[in-house]
Amino acid sequence: MYIVKRTAEFDAWLHGIKDHGARLRLARRLDKAQRGVLGDVKPVGQGVMEMREFFGPGWRMYFVQRNDVLIVMLGGGDKSTQSADISKAIQLMHQLED
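A. Representation of the sheet that holds strand E5 (residues 70–77) in the model. Strand order in the open sheet formed by five strands is E1-E5-E4-E3-E2, and the pairing between neighbours is mixed. The open sheet has two free edges, formed respectively by strand E1 (3–6) and strand E2 (41–45), since each of these has just one partner strand. Adjacent strand axes in the sheet meet at a mean angle of 35° when their direction is disregarded. Two elements, E2 and strand E3 (residues 48–52), share four bridges in a ladder whose sense is antiparallel. Along E3, the bridge assignment pairs Gly 45 with Val 48. Helix H1 (residues 8–15) contacts E1, strand E4 (60–66) and E5 of the sheet and is inclined by roughly 45° relative to E5. Along the sheet, helix H2 (residues 20–34) makes contact with E1, E2, E3, E4 and E5, crossing E1 at roughly 140°.

B. Looking closely at the packing of aromatic side chains. Scanning the entire structure with this criterion turns up two aromatic pairs. Between Phe 10 and Trp 13, the aromatic rings sit 5.6 Å apart at their centres with planes inclined by 50°, giving tilted as the arrangement. Of this pair, Phe 10 and Trp 13 both sit in helix H1, three residues apart, which is roughly one turn of that helix. Residue classification places Phe 10 among the buried residues on the basis of a relative accessible area of 0%. With 6.1 Å between their ring centres and 65° between their planes, Trp 13 and Trp 59 make a pair best called edge-to-face.

Reading guide: rules and limits
- Residues numbered from 1 in each chain as written.
- Predicted model: local features only at pLDDT ≥ 70, side-chain atom pairs only at ≥ 80, totals over all residues.
- Heavy atoms only, no water.
- Pairing = 2+ DSSP bridges.
- Helix = DSSP H or I, 4+ residues; strand = E, 2+ residues; numbered from the N terminus.
- Axes fitted to C-alpha atoms, helices over the stretch in contact; angles between N-to-C directions.
- Contact = heavy atoms within 4.5 Å.
- Phe/Tyr/Trp six-rings, centres within 6.5 Å; stacked < 30°, edge-to-face > 60°.
- Buried < 20%, exposed > 50% of the residue type's maximum accessible area, 1.4 Å probe, protein only.

Structure follows, in structure tokens:
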């Protein structure tokens, strides 16, 4: 089991997705993560990980794990904006550490 905390940036991104079905699927993925089922994840640099979803435009949700029980959601995007989204997530992670 994990505690999933969401940054304001992550919430703004998620709520900004116009496709209600996509928002629902991504929210379900967060529910699964809370139950300890992270699914397809991959490190993207400097401790930031990405949850990958293979539907629609290839959704990605970026997070950092703190200790064994806490996941902090940093942001998201899709395959087309992946590089910029990763940079933003890393930047936000460093702000959290300050």
